[in-house]
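The chain contents come next:
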Amino acid sequence: MSNPQKIFTIFAALLSLFLVNAQDFPRAQWLHYPEPDAEGMKAPRYFWLDVEAPAKLSKAEIFFHLDDIGELLIDGRAISRTSHVPHPYKQPAHYYDAARLLTPGRHRIEFQCTNLGSAGGILGRILLTTADGTQLEFLSNETWRTAKAPSLAGGEAEACQPAIHGDLLDDTWAALDITPFFCREEGAIRKAEAKAKAAENQKILAKLAQEEKPTASVIYQDGRPMIQIGEKIHPAIIYSAHHFQNFDNEKYVKSLENFRDAGFHLFVMGCEMRELWLGPGKYNLESLKDWPPEAFKVDPQAQLIFNIDCRMPPRWWCNSHPEELIEYEAPNGEVSYWDEYHAKFVAPSAASELYQKEVCDFLKTVVDYVEAQPWGRRVFGYRFDMGVFMEWHYYGMCTFVPDNSKPMQKRFHQYLTRKYGTDEALQAAWRNPAVPLETAPMASYEQRTTPSAYPWWDPVKDIQAMDSVKCITETVADFMLRGDHVIKEACNRRCLVGNFYGYFFGMNFPAIGWHPLLDKVLRSPDVDFNSQPPPYGEWNRGLGEAQFARGLTSAYRLHNKLYIMEADTRTHEAEYGFKNNCFVKTPRQSVQAMARDFSQALCGGFGFWYFDFGIGWYPSPEIGEYLKKLPEIWNRETDNSSAAQVVIVGDGQTVGWQLSDRERWKTISHVFDRLGSKPVITWRTLPMPTSIRNLAVADVRPWRDVVGTDREVKIDVTVVNAGSEAVTPASVTLTAGGTVLSADG
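Residues take numbers from 1 onward in each chain, read along the sequence in its written order. The predicted nature of this model means local features are confined to residues of pLDDT at least 70 and side-chain atom pairs, given and counted, to a pLDDT of 80 or more, with totals for whole chains, interfaces and linings taken over all residues. Processing note: side-chain calculations cover all non-hydrogen atoms of the structure and skip hydrogens and water entirely.

Q: With reference to specific residues and values, describe the overall build of the protein chain.
A: Comment: elements are numbered from the N terminus, with helices defined as DSSP H or I runs of at least four residues and strands as E runs of at least two. What the protein chain contains, in helices and strands, is 17 helices and 32 strands. Considering only C-alpha atoms, the protein chain reaches an extent of 115 × 70 × 55 Å along its principal axes. We call two residues in contact when some of their heavy atoms are within 4.5 Å. Of all intrachain contacts in the protein chain linking residues separated by at least 6 positions in sequence, the fraction that spans at least 24 positions is 75%. Computed with a 1.4 Å probe, the accessible areas rest on the Shrake-Rupley method; for each residue, only the protein chains presented here act as cover. Carbon and sulfur atoms make up 54% of the accessible area of the protein chain, which amounts to about 36000 Å² in all. For the purpose of charge, His is not counted, nor are the chain termini; Lys and Arg are scored as positive and Asp and Glu as negative. To locate a charge, take atom NZ for lysine, CZ for arginine, CG for aspartate or CD for glutamate. Taking the 78 positively charged and 94 negatively charged side chains of the protein chain as two groups, their mean positions are separated by 3 Å.

This is the structure:
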């Protein structure tokens, strides 16, 4: 085929697609019982349709989504039960071929659906195919019937027309796979579009493959945090979908375009562990190949933080290793595979060495894959998530008192050995002569939930409970840092790595859900950033409120790390379950709330990302215009460095300050060098008392410069009277490594 003919053929095909696509295709609808979602919560509702099955049926394909759980029934017989996958995680459609059950004649296809939270409903498509290729198609719509009871057990008598949330493209379920629910005509068009899209994506990938892999770093310019990727420097302002990116969602794509057009090109997108980790050593990494080119199609300059969400453990792993799972101290409570906060969530213990190792193997596998892709050259960071809400809070922390599993007990004994060293020291601290290090029990439910100085723990009376919680929070931090190290090494240390950690202010969680090891995390060479959202509630996020940050923001600048405030500010676009923290109603109010996020970050000297679960809360023109104003303000040539001042109050004496030891004083210089601008140091001298008894060690000097263990050495200690009264020293004691050294004279 000649080039002109080829061009004409492509044009004709695209024109025909446009003309066909302009038709008003029938679409499956999300159905629910005609009642407020809250009234039907956790109560089964039934939806059905009668179909006439033709003779010589070769296939009877039934595709369905049930939000949240339920089952398929045919002629009143339960056929296929579904399990819950929390919204808004990506989930394939349920599928069942009922050809062997649908004999020629009338049959009832019915679904039992139970909503567990927020908006619930059913989406269905039935496709009957005969041996000669004839097809009959049925889509969930207003012609179906619904009731509170099974149709063949009294439900038909009370049946009514279902209510409709929206069609299959409704944003509420934007992250679910809706491909099988398009009618045949629209499905065919979308397949053709997908084929054309795949060809375009290959061109994008080929271009990306020519790029070099840059190294990313956090820098501060006049106190403002910036992210340097290769030679390019970006403001620390990001648009995050976490791993919920969905390029079929028009609002999300338009939100991306608004950020792009404003000059912001940093985004967070990613994956969920349980979608990829299918079994021991079995990974579905090919599922990552489709969406990245879409990101660069929207923004050719896009740079990504790749989110690896390990919040939900694979159920197959939990079923295979029951001895590694969390055990809860609470005597009662619902066991759940999906509610990680308000129930006894089924998950591996953070102390499970097996789970830690296999998760780290998974992390390395994913990062190796990403780094090998052409689009991996545009990944400048990774974020490793786990725990309640992906934020490294312990599972079941609300009221169920984890974790007394065997792996955690083993970790607890190691913790006690490091802390106390001997049985005698432990027994003295716990005031219990019967507890040895090897078998000391973790605190009981009563000890953990009834502190002696309620709501505070007494550091003497409640030491066993405090040790238990400290051990668990230390275990969580160590697991996180272990994963961060694996990621850092797998990307050859060229990318930023971080987590949700460092929560401090506005915390209403039990102590086990806190992050007390921030200092250890910030000192890790494998951590570059942490993120937290501001506390929720109108008292903090309502219009006109200050909205303070949740973390210790200045600590990050001290360590040259990046604090990222998660500005999951609900705009007027927020719907359904996200309304509970939405305090705006108009685009103008949305801009006001978003401007507060920006101003807080600018004034505080930290970064932030706008986050909307990939739903698309920022598509409006008003928000687009607001975003365009930010780069000029952020990059304005002003000094945003900390104006810290240090005041030293002393008595004017130099004794005891070891001024001759220059190396020790360099420590202060090193700390100051990390700051954007050195603080002003002011010395204030107070007058000496008229009468003071004060002896001070002025100098310690060995007789030889080289000191070995093969011979004795004499040490001169100079003691001076720095007071105003005569004093005779009784003795001078010198210790080394905790041992008191003897003196010959």
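Next, the rest of the story.
Q: For the nonpolar core, give the residues involved together with the corresponding values.
A: When a protein is soluble and globular, its nonpolar side chains tend to lie buried together. Among the nonpolar cores identified, the biggest contains 142 residues, and Phe306, Ile308, Val359, Tyr382 and Tyr610 are the most heavily contacted of them. Residues contacting Tyr610, with those up to four places away along its chain left out, are Ile238, Tyr239, Ser240, Phe259, Ala567, Met594, Asp597, Phe598, Tyr618, Tyr626 and Leu627. Val51, Ile62, Leu66 and Ile126 belong to the second-largest nonpolar core, a separate cluster that totals 24 residues. Nonpolar cores are built from buried Ala, Val, Leu, Ile, Met, Phe, Trp, Tyr and Cys residues. Side-chain atoms within 4.5 Å join them into one set. Only protein chains enter the area calculation, which uses a 1.4 Å probe; residues under 20% of their type maximum are buried, those over 50% are exposed, and those in between are partly exposed.

Q: Any chance you could break down the sheet that holds strand 13 (residues 224-229) for me, citing the residues and the numbers?
A: Here we have three strands laid out as an open sheet, ordered 12-13-14, and antiparallel in their pairing. For this open sheet the edge positions go to strand 12 (216-221) and strand 14 (232-235), each flanked by a neighbour on one side alone. The sheet shows a mean angle of 35 degrees between the axes of neighbouring strands, direction not considered. When DSSP finds two or more bridges between two strands, those strands count as paired. Where strand 13 meets strand 14, four bridges bridge the pair, whose relative direction is antiparallel. Paired with Met226 across the strands is Pro235, a residue of strand 14. To get an axis, a line is fitted to the C-alpha atoms, and for a helix only the part in contact is used. The angle between two axes follows their N-to-C directions and goes from 0 to 180 degrees.

Q: Would you mind going over a nonpolar patch on the surface in detail, with residue names and values included?
A: A cluster of nonpolar residues, Leu695, Val697, Val700, Ile715, Val717, Val719, Val732, Leu734 and Leu741, forms a patch on the protein surface that exposes about 640 Å² of accessible area. Secondary-structure elements contributing two or more residues to the nonpolar patch are strand 29 (695-702) and strand 30 (715-721). Mapped onto the elements, Val719 comes out in strand 30. The exposure class assigned to Val719 is partly exposed, which follows from its relative accessible area of 31%. Like-charged residues are merged into a patch within 9 Å and nonpolar side chains (Val, Leu, Ile, Met, Phe, Trp, Tyr) within 5 Å, provided each residue has over 30% relative accessible area and no salt bridge. We count a salt bridge whenever a side-chain nitrogen from Lys or Arg sits within 4 Å of a carboxyl oxygen from Asp or Glu.

Q: I'd like to hear about the pairing of strand 7 (residues 105-114), residue by residue, with values.
A: Counted residue by residue, strand 7 has nine buried out of 10 residues, so it is predominantly covered. Bridge count for strand 2 (residues 44-53) against strand 7 is 10 bridges, and the pairing is antiparallel. Bridged to Asp50 within strand 7 is Arg108. In terms of strand pairing, strand 4 (residues 69-74) meets strand 7 through six bridges, oriented antiparallel. Bridging from a neighbouring strand, Glu71 pairs with Gln112 of strand 7.

Q: So what's going on with the environment of Pro54? Residues and values would help.
A: Locating Pro54 in the fold gives a position in the loop between strand 2 and strand 3 (57-67). Looking at Pro54, the relative accessible area reads 22%, which means it is partly exposed. Linking Pro54 and Arg662, residues 608 residues apart in sequence, is a C-alpha distance of 94 Å. Leaving out residues up to four positions away in the same chain, Pro54 has contacts with Pro104, Leu128, Thr130 and Leu136.

Q: So what about the packing of aromatic side chains? Which residues, and what values?
A: Pairing of aromatic side chains here covers Phe, Tyr and the six-membered ring of Trp, requires ring centres within 6.5 Å, and sorts the geometry by plane angle: under 30 degrees stacked, over 60 edge-to-face, intermediate tilted. Tallied over the entire structure, the rule returns 45 aromatic pairs. Aromatic side chains Phe64 and Phe111 sit 5.1 Å apart centroid to centroid with 50 degrees between the ring planes, which places their arrangement in the tilted category. Of the two residues, Phe64 is situated in strand 3 and Phe111 in strand 7; the sequence distance between them amounts to 47 residues. Each member of the pair, Phe64 as well as Phe111, is classed as buried. A ring pair is formed by Phe259 and Tyr610, whose centres lie 6.0 Å apart and whose planes are at 55 degrees; its orientation type is tilted. In this pair, Phe259 is assigned in helix 3 (residues 250-261) and Tyr610 in strand 26 (residues 607-611), connecting sequence segments 351 residues apart. On the basis of relative accessible area, Phe259 is assigned to the buried category, the value being 1%.

Q: Quick rundown of the packing of helix 2 (residues 184-208) against helix 5 (residues 291-298)? Include the residues and the values.
A: Interhelical geometry of helix 2 versus helix 5 gives an angle of 80 degrees and a closest axis separation of 9 Å. Looking at the two axes, helix 2 sits roughly perpendicular to helix 5. Residues Lys197, Glu200, Asn201, Ile204, Leu205 and Leu208 of helix 2 touch helix 5, and the partners they reach there are Pro293, Glu294, Phe296 and Lys297. Under the convention adopted here, Pro, Cys and the residues Ala, Val, Leu, Ile, Met, Phe, Trp and Tyr are nonpolar, Asp, Glu, Lys and Arg are charged, and Gly plus all remaining residues are polar. Here the contact of helix 2 with helix 5 is composed, by residue class, of five nonpolar, one polar and four charged. For this classification, under 35 degrees means roughly parallel, over 145 means roughly antiparallel, 65 to 115 means roughly perpendicular, and everything else is oblique.

Q: Could you give an account of helix 11 (residues 463-490), naming the residues involved and the relevant values?
A: Take the residue count of a helix, subtract one, and multiply by 1.5 Å to get its expected span. Given a rise of 1.5 Å per residue, 28 residues ought to cover 40 Å, and the 40 Å separating the end C-alpha atoms of helix 11 matches this to within 8%. With 24 of 28 residues buried, helix 11 lies mostly within the body of the structure. Just beyond helix 11, the residue with positive phi is Asn492, at close to 60 degrees.

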